[in-house]
Amino acid sequence: MAIRVMHFCPFMYYGGTERHLYNLLSRLPSEFESIVCAPTGPMTPMIESVADHMEPRLEPLRVKNLRIGQAVREVLDDIKKRLEDLRPDLVHVHISRETAFAIRKVAREIGMNCPVVLTPHVYTGSVDFLWTSLFARAVDKVIAVSDSERARLARLLPSSIRNERVVSIYNGTPLADCCIGAAASHVRSLSPEVLSSAAGEARSLEPESITIGTVGRLSKEKGTVYLLRAFSSLTGEFPNIRLVIVGGGSLREYLEQAAKSLGVADKVRFAGVMDDTSLEASQFDIFVSPSLNETLSMSIIEAMALGKPVVATRVGATHEAVVHGDTGILCKPRDPAELAQAIRALLISPETRRRMGEAGRQRAVNLFSAQRMADKTVGVYRELLASSA
């Protein structure tokens, strides 16, 4: 009999959480049946292609809305109906801590003994860690996507549960699987150009123009405006550089105007939203992540798997992916001058770009393969299912 795992995800954008879910579902062993409860969004077709069943769902619970009785009751009733109808063996909640708490509450009310796993994925600051530590008491396992996230969260938990309640499993990318010879069917929509880049046959690092690129939502926390300012300060010395910004979001118009105001609009291309950013990123010479807040960026580990040197801000667990001076350069957030200095160090040295890109690719293979992530997650599932039997 199939092991039925129900996943709750509050978004279906082209974000890191949704890509993580796709990578996980596409690598689960055949005895697992995946049901995904999520709103409809741009990522839905991709998730549908690897899930056994999709369930549309209400908006997720939010801490700020917990006092709104009718809205909370509707969500709880929705959760109750799904649990009773679908009878999952295990529930895995992504991002929504409140939903994980609600699922455990409802499951107990209806006499279901299914383990609940929570992967928070995103933190906006210290308050999020505090809320997560409170909701973690209600679930069976919290999966942190980095060692530093696990350590910070564990410190907020009672000593009696901190060692066994939270486990760290790094995010993974199919591009790292590609490097180590994993099945090509695991890599969605990869063109020959991307495959050749991931296999180590990247194009020359000394083209006529040098492309600096970034991938992420165009929102405040991604810090893209600081990259634009850093880039504009370099164009005088390096007239052949170009900047490609991949992603969409509420700040696109603001950022386009900023590029004009900085006098670099003719050197910046906004590539928009893509369901697969690998081909675009494979053409970058330098990858930059100017984020103000991150857990463990999928875009960074994908760039590393493609053999790109990385310049990134020292936020969240970025230092666990990017080894300063080895696979890339780390700098302070919100500091365009320091960001520009780091990018300049790579612009003036093709050899440094090559060396860091190769070291980053090897680190991605060792730590950030999607199959490794899926295998470790399945290990958590099996452990919890065995203890609840």
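Structure shown above.
Criteria and cut-off values
Residues numbered from 1 in each chain as written. Predicted model: local features only at pLDDT ≥ 70, side-chain atom pairs only at ≥ 80, totals over all residues. Heavy atoms only, no water. Helix = DSSP H or I, 4+ residues; strand = E, 2+ residues; numbered from the N terminus. Contact = heavy atoms within 4.5 Å. Areas by Shrake-Rupley, 256 points an atom, 1.4 Å probe, with all protein chains shown as cover. Buried < 20%, exposed > 50% of the residue type's maximum accessible area, 1.4 Å probe, protein only. Pairing = 2+ DSSP bridges. Right-handed = clockwise from strand over helix to strand, strands pointing away. Arc of directions from axis to C-beta. Core = buried A, V, L, I, M, F, W, Y, C linked by side-chain atoms within 4.5 Å. Axes fitted to C-alpha atoms, helices over the stretch in contact; angles between N-to-C directions. Patch = residues over 30% accessible without salt bridge, like charges linked within 9 Å, V, L, I, M, F, W, Y side chains within 5 Å. Salt bridge = Lys/Arg side-chain N within 4 Å of Asp/Glu carboxyl O. Phe/Tyr/Trp six-rings, centres within 6.5 Å; stacked < 30°, edge-to-face > 60°. Lys NZ or Arg CZ within 6 Å of the ring centre and 35° of its normal. Parallel < 35°, antiparallel > 145°, perpendicular 65-115°, else oblique. Nonpolar A, V, L, I, M, F, W, Y, C, P; charged D, E, K, R; others polar.

**Student:** So what's going on with the overall build of the chain? Residues and values would help.
**Tutor:** Secondary structure assignment for the chain yields 17 helices and 13 strands. Across the chain, the fraction of contacts at a sequence separation of at least 24, relative to all contacts at a separation of at least 6, is 72%. Counting only carbon and sulfur atoms, one obtains 51% of the accessible surface of the chain, whose full area is about 16,200 Å².

**Student:** I'd like a rundown of the pairing of strand E8 (residues 210-215), residues and numbers included.
**Tutor:** Of all 6 residues that make up E8, 6 are buried, and the element is covered over most of its length. Every second residue of E8 is oriented toward a common face, with Ile-210, Ile-212 and Thr-214 on one face and Thr-211, Gly-213 and Val-215 on the other, all of them buried. Direction of pairing for E8 relative to strand E9 (residues 241-246): parallel, over a ladder of 6 bridges. Within the sheet, the bridge partner assigned to Ile-212 lies in E9 and is Leu-243. Where the polypeptide runs from E8 across helix H10 (residues 224-234) and back to E9, its parallel neighbour, the crossover connection is right-handed. Pairing analysis gives 2 bridges linking E8 to strand E11 (residues 286-289), with the strands arranged parallel. Across the sheet, residue Ile-212 finds its bridge partner in E11, namely Ile-286.

**Student:** Provide a residue-level description of helix H5 (residues 126-135), including the pertinent values.
**Tutor:** Three or more residues of H5 are buried, namely Asp-128, Phe-129, Thr-132, Ser-133 and Phe-135. With its buried residues spanning 165° around the axis, H5 presents them on a single face. Among the exposed residues of H5, those oriented more than 90 degrees off its buried face are Ser-126 and Val-127. Tucked into the core, H5 has its buried residues touching helix H4 (97-109) and helix H6 (147-154).

**Student:** Just give me the short version of the nonpolar core, but keep the residues and values in it.
**Tutor:** For soluble globular proteins, nonpolar side chains are generally found buried alongside one another. Membership of the largest hydrophobic core comes to 33 residues, with the highest contact counts inside it found for Ile-212, Val-311, Ile-343 and Leu-347. Those elements giving two or more residues to this core turn out to be E8, H10, E9, helix H11 (252-261), strand E10 (268-272), E11, strand E13 (328-331) and helix H15 (336-347). For this core, the leading source of residues is H10, giving 7 residues. Not counting residues up to four positions away in its chain, the partners in contact with Leu-347 are Ile-210, Ile-212, Leu-234, Phe-238, Ile-241, Ile-286 and Arg-353. Core analysis: the second largest hydrophobic core is formed by 30 residues, Ile-103, Val-106, Tyr-123 and Leu-157 among them.

**Student:** An account of the sheet that holds strand E2 (residues 32-37) is requested, with residue identities and associated values reported.
**Tutor:** Taken together, 7 strands build an open sheet; the order of strands is E3-E2-E1-E4-E5-E6-E7 and the sheet is parallel. Each end of this open sheet is capped by a strand with a single partner; those strands are strand E3 (53-55) and strand E7 (166-168). Averaged over all pairs of adjacent strands, the angle between strand axes in this sheet comes to 25°, irrespective of strand direction. In this structure, strand E1 (residues 3-8) lies alongside strand E4 (residues 90-94), joined through 4 bridges in parallel fashion. Counterpart to Met-6 in the pairing with E4 is Val-91. Contacting E1, E2 and E4, helix H1 (residues 16-25) crosses the sheet at an angle of about 150° to E4. Packed on one face of the sheet, H6 meets strand E6 (141-144) and E7 and runs near 165° to E7.

**Student:** Describe in detail a nonpolar patch on the surface, supporting the description with residues and values.
**Tutor:** Judged by side-chain polarity, Val-127, Leu-130, Trp-131, Leu-134 and Leu-156 come together as a nonpolar surface patch covering roughly 430 Å² of accessible area. With respect to the helices and strands, Val-127 occurs in helix H5. The exposure class of Val-127 is exposed, given its relative accessible area of 55%.

**Student:** Please give an account of the packing of aromatic side chains that cites residues and values.
**Tutor:** Applying the stated criterion to the full structure yields 7 aromatic pairs. Judged by centre distance (5.8 Å) and plane angle (20°), the ring pair of Phe-11 and Tyr-13 falls under stacked. The class of Phe-11 is partly exposed, set by a relative accessible area of 25%. Its end group placed over the ring of Tyr-123, Arg-97 keeps NZ or CZ at 4.9 Å from the ring centre. Note that Arg-229 overlies the ring of Tyr-226, its terminal NZ or CZ placed 5.3 Å from the centroid.

**Student:** Can you break down the sheet that holds E11 residue by residue, with the values?
**Tutor:** Across the sheet, 6 strands lie side by side as E10-E9-E8-E11-E12-E13; this open sheet has parallel pairing. Here the strands that pair on one side only, and so sit at the sheet edges, are E10 and E13. Pairwise comparison of adjacent strand axes, ignoring direction, gives a mean angle of 20° for this sheet. Against the sheet, H15 makes contact with E8, E9, E11, strand E12 (310-313) and E13, and its axis sits at roughly 165° relative to E13, the strand it touches most.

**Student:** Could you give an account of unusual backbone geometry, naming the residues involved and the relevant values?
**Tutor:** Its identity as a non-glycine residue notwithstanding, His-121 has a phi of 65°, on the positive side. Tracing the chain through its elements places His-121 in the loop between strand E5 (116-119) and H5.

**Student:** So what about the environment of Ser-387? Which residues, and what values?
**Tutor:** Summarising the element assignment, Ser-387 is placed in helix H17 (residues 370-388). Residues Ser-387 and Pro-115 lie 272 residues apart in sequence; the distance between their C-alpha atoms is 9.2 Å.

**Student:** For the packing of H4 against H5, give the residues involved together with the corresponding values.
**Tutor:** Running from amino to carboxyl end, H4 crosses H5 at an angle of 10°, the nearest separation of the two axes being 9 Å. Classified by the angle between their axes, H4 and H5 sit roughly parallel to one another. Where H4 abuts H5, its residues Arg-97, Glu-98 and Phe-101 lie against Asp-128, Thr-132 and Phe-135. Looking at side-chain class alone, the contact of H4 with H5 contains 2 nonpolar, 1 polar and 3 charged residues.

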